[in-house]
Each structure stands twice: as structure tokens, then as C-alpha cells.
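# Structure assessment
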Amino acid sequence: MTASLSESRLLHARLAVLVAFFINGALIASWVSRIPAVQTRLGLSEGGLGFVLLGVAAGTLVALSLAGGLIARYGSPNVTLFGALVMSAFLVIIPLAPNAVLLWIVLFVFGGAMSVMDVAMNEQAVLVERHARKPLMSSFHASFSIGGFAGALIGAGMASMALTPLIHFAIMGLAFGILIFFVIPRLIPTAREAKESGGSVFRLPERALWLLGAVAFCSAIGEGAMADWSAVYLHQVLGTTTAYAALGFAAFSLTMTIGRLIGDSLSARFQPAWIVRTGGAAAALGVLAAVLTNEPVVALVGFAAVGIGLANIVPLAFSASGNRPGISPSVGIAGVATIGYAGFLAGPPVIGLIAEATSLRVALLLVAILVGSVIFTAQAMNPVEPEEPQG
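### What about the overall build of the protein?
- A tally of regular secondary structure across the protein gives 17 helices and zero strands.
- Against the compact-globule benchmark of 21 Å for 391 residues, the protein has a radius of gyration of 20 Å, which places it among compact chains.
- Each principal axis of the C-alpha atoms in the protein carries an extent, and together these give about 65 × 45 × 35 Å.
- Buried residues in the protein amount to 52% of all 391 residues.
- Accessible area for the protein stands at about 17,100 Å²; split by element, carbon and sulfur atoms hold 70% of it.
- Here the protein contributes 18 positively and 16 negatively charged side chains, and the mean placements of these two sets differ by 6 Å.

This is how it looks when you write it as C-alpha cells:
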């Protein structure tokens, strides 16, 4: 471990990481909030929109395999800066794309920058946790959620004022592109570790991370299901209005943010495996409650339970992977993120295929089984003691 930081320096680093998470969430939400406007401008069908959204998914997964090596070579502060600047710049380029193919390419770069910034700022979160000697990861992820909520609200406000996505994205890109320069000097330097580590840039997840990745994968399946299918379930299966249906994801997001705000205090009191088991059980029961009812209010309560249950699973998986003996934080986080994000990206379309072949209730029942399965793999979340040298 590196030399301890002064209390003031540690506070500055902690605040800087919180702001980095906020920026990442707000930039993502800025794009998501104006997807309908971009779709309309290019005249994209549902299938065409699905094609361009695959650009984000492809960029995310490709960049995750590169993130650990890039951070090892250049340091997480530099990669955080690079990711934020590229996200800010390409956010502005998105509404300038003249067709679906070029938009796919722009979103590929945007998604790649998003994921390398994600891994880099999570490594900073691990380093701050180490120096503070107390759990902090959940609060950092809560800042991401708050940033996403703020970005979505700003996007809705910009749309209500009839501002074009170009003007909206230019304002956001410029604001966050400037803000990140105030953040970077306050992060914990990792340049010396980067130069000593060497190695290739491209990395696949280490075998020691697979079980942690499986936990993150199942949690991400649940998050993706709530993001893409909760409103559809309420509207099409339970027959609510579209306005009421939107409350499904809102309930999930609200309780997830609350869960992350209290997550650090839970981590200080309980073992990570206990938190994950309890969260997985709550999430599975929440999905079951929604699936087995015909009452929209009960379904809303169920979706809220999913949010509180899943809130701290991915943050704890990142914290555990960043503290695995013999594996650098960036490589550990990137490995678990690669497996976990695959669930987030692949889960919703697979749910759609299963729902088409059977029903949405059956598809969500499988989600309940998957998120509940973390009860049996949660032991991987607990700290691993480094092996003592032989002889």
C-alpha cells in the first residue's frame, strides 16, 4: 500500500471521485434522455434504433478488455480524464451524425470512453477506500445514480424548452468537460504503479474473478430487466396507463439510490456476503411479487424491492475485485465489469425473446431465479487473505 494521505488530501480525493461518478452518470443520462429526438431526426425504425444502440454496447465491451491495460500503463487519473473528455466531445457529435451507420460509430466511441472512465474511477474509489480504511464504494455509486437522475431531469427540461439535442449536448459536454479538469489533480496518483506494471493492454478476465463476475452478471440482469421491461410489464401485462407504467423504473431507481446511500454503513457492520445474500433474496422476492400479482401497486412495491436489493451488489463486487491479492485494482475491476456488463447488455434482449416465445411473466420469473442465485455465490464477495510465501 502506498503512503497514507493526510486527512485533507483524502477528503479532496474522496470528493473528486464522487464528482467523477456524478459526471459519468450525468453524461450517460444526457444521451439517454434525448434518444427519441435523435431517433425522430434520423427517421429510425425500432429496428434501426436497436442497431445504433448496439454501438454503445459494442464499444463498452471492447473497451473493457482494454481498460485494465490502459490504466496500468497511464494511470487511473489520466484515463479518467481521457474518458470524460471523449464522452463530453462525442456527446456533442451524436446529434451531428447524418445517418445510422455514422451514429453507430459515434456511439461505439462514446460507449468505449464511458467504460474506460468507469473502470478508472472505480479504481480511484478502491484506493480512497483503502486510505480511508472504511467502506465507501456504495456512496460513490450513489453519486453515479444521482448524476443519472440529474442528467435525466436536465434532459427533460431541455426538451420541454424545445432546445435541440445539439444545443443540449453542447451545454452539457462543455460544462462537464471543464469540470473534469478541476477533478483530476485531486485524484490519487498511480503513475509510478503504471510504469512498473508494464504488460499488454488487452486483457481477458482473470479466472480468480469469474465467480465475482457471475454475481455481478446476475445483478446486472436484474438491473437491465427493470430498466427496459418494468414499464412494459405494467402497461402491457397489467394494463396501466403509460404515465403509471413509468413509475415502475422510477420506484426501482429511487430505492436503488437510497440503498447505495446507506450501503457504506451496512458494509461497515455486516460481511459483504451477508449483504449480497440478503439483497439477492429481496430482489428475487420483489420480482416474484410483481410477476404473481395483477395489482399494479403490488408490482410497484416489488420493483422497489428489486432496487433496494440490487443496490449494493455491483459496488461490492467492484470493491472485492479491486482488492483481490495478486491482481491490480484496474485489472480486477475491468474483469468483473466485463462479465457483469455483458449481463446488463445481453439480458434485456434475451428477456424479449423469451417473452415472445412464452410470456413476459415467464421471462421475469427467470430473472427472479437469476438474481436469487447470488445467494449461493455470495461467499466470493468476502475478503481473500493473501497467500503466505512458502519456505
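### Some details on the packing of aromatic side chains
- All chains considered together, the criterion is met by seven aromatic pairs.
- Ring centres 5.6 Å apart and planes at 20 degrees place the aromatic pair Trp104 and Phe108 in the stacked group. Taken together, the residues span about one helical turn, with Trp104 and Phe108 both in helix H5 (residues 100-132) at a distance of four residues.
- On the basis of relative accessibility, which here comes to 28%, the residue Phe108 falls in the partly exposed class.
- Ring centres of Tyr233 and Phe303 lie 6.3 Å apart, and the angle between their planes is 80 degrees; this geometry places the pair in the edge-to-face category. Here Tyr233, found in helix H9 (residues 210-237), pairs with Phe303, found in helix H13 (residues 296-310); they are 70 residues apart in sequence, far enough to count as distant.
- Residue class for Phe303 comes out buried when judged on its relative accessible area of 1%.
- An aromatic cluster of three or more residues is present, and its members are Phe51, Trp104 and Phe108.

### Here's the deal with unusual backbone geometry
- The backbone of Arg133 sits at a positive phi, close to 60 degrees, despite the residue not being glycine.
- Assessed through its relative accessible area of 65%, Arg133 is described here as exposed.
- For Ala162, which is not glycine, the phi torsion reads 65 degrees and is therefore positive.
- By the element assignment, Ala162 lies in the loop between helix H6 (137-160) and helix H7 (165-183).

### Concerning the nonpolar core
- One finds Trp31, Ile94 and Leu103 to be the most contacted residues of the largest nonpolar core, which totals 110 residues.
- By residue number, the principal contributor to this core is H5, which donates 16 residues.
- Leaving out residues up to four positions away in the same chain, Leu103 has contacts with Val38, Leu42, Leu44, Val52, Ile94 and Ala97.

### What to know about the packing of helix H15 (residues 329-357) against helix H16 (residues 360-372)
- Remark: H15 packs on H16, axes separated minimally by 7 Å, with the N-to-C direction vectors making an angle of 135 degrees. As summarised for this structure, H15 and H16 are arranged oblique, according to the angle between their axes. In the crossing of H15 with H16, the sense of the turn from one axis to the other is right-handed. Taking contact as the criterion, the partners of Ile351, Ile354 and Ala355 in H15 are, on H16, Leu360, Ala363, Leu366 and Val367.
- Considering only residue class, the contact of H15 with H16 consists of seven nonpolar, no polar and no charged.

### Some thoughts on H9
- Trp229 marks where H9 bends most, by close to 50 degrees.
- Count one or two residues on from H9 and you reach Gly239, which has phi positive near 75 degrees.

### Comments concerning H13
- The end-to-end C-alpha distance of H13 is 21 Å, a good match for the 21 Å that 15 residues give at a rise of 1.5 Å each.
- Looking at H13, one finds that the buried residues are Pro296, Ala299, Leu300, Gly302, Phe303, Ala304, Val306, Gly307, Gly309 and Leu310.
- Where the residues of H13 are buried, they touch H9, helix H10 (242-261), helix H12 (272-291), helix H14 (313-321) and H16.

### A closer look at the environment of Val367
- Within the element layout of this structure, Val367 appears in helix H16.
- Taking the C-alpha atoms as reference, Val367 lies 12 Å from Ala355; in sequence the two are twelve residues apart.

### Looking at the environment of Leu310
- Take Leu310: it is sitting in helix H13.
- Residue classification places Leu310 among the buried residues on the basis of a relative accessible area of 0%.
- Ignoring anything within four residues of it in the chain, the contact list for Leu310 reads Ser219, Gly222, Glu223, Phe252, Met256, Gly279, Ala283 and Val371.

### What to know about a nonpolar patch on the surface
- Nonpolar side chains collect at one region of the surface, where Leu85, Leu174, Ile178, Leu179, Phe181 and Phe182 lie side by side and expose about 580 Å² of accessible area between them.
- With five residues, the top contributor of residues to the nonpolar patch is H7.
- Its location among the elements puts Phe182 in helix H7.

Here is what the cut-offs are and how they apply
- Residues numbered from 1 in each chain as written.
- Predicted model: local features only at pLDDT ≥ 70, side-chain atom pairs only at ≥ 80, totals over all residues.
- Heavy atoms only, no water.
- Helix = DSSP H or I, 4+ residues; strand = E, 2+ residues; numbered from the N terminus.
- Rg over C-alpha atoms; globule rule 2.2 N^0.38 Å.
- Buried < 20%, exposed > 50% of the residue type's maximum accessible area, 1.4 Å probe, protein only.
- Areas by Shrake-Rupley, 256 points an atom, 1.4 Å probe, with all protein chains shown as cover.
- Lys, Arg positive; Asp, Glu negative; His and termini not counted.
- Charge placed at Lys NZ, Arg CZ, Asp CG, Glu CD.
- Phe/Tyr/Trp six-rings, centres within 6.5 Å; stacked < 30°, edge-to-face > 60°.
- Core = buried A, V, L, I, M, F, W, Y, C linked by side-chain atoms within 4.5 Å.
- Contact = heavy atoms within 4.5 Å.
- Axes fitted to C-alpha atoms, helices over the stretch in contact; angles between N-to-C directions.
- Parallel < 35°, antiparallel > 145°, perpendicular 65-115°, else oblique.
- Left-handed = near helix turned anticlockwise from the far one by under 90°.
- Nonpolar A, V, L, I, M, F, W, Y, C, P; charged D, E, K, R; others polar.
- Bend = angle between axes of the 7 residues up to and from the residue.
- Expected span 1.5 Å × (residues − 1).
- Patch = residues over 30% accessible without salt bridge, like charges linked within 9 Å, V, L, I, M, F, W, Y side chains within 5 Å.
- Salt bridge = Lys/Arg side-chain N within 4 Å of Asp/Glu carboxyl O.

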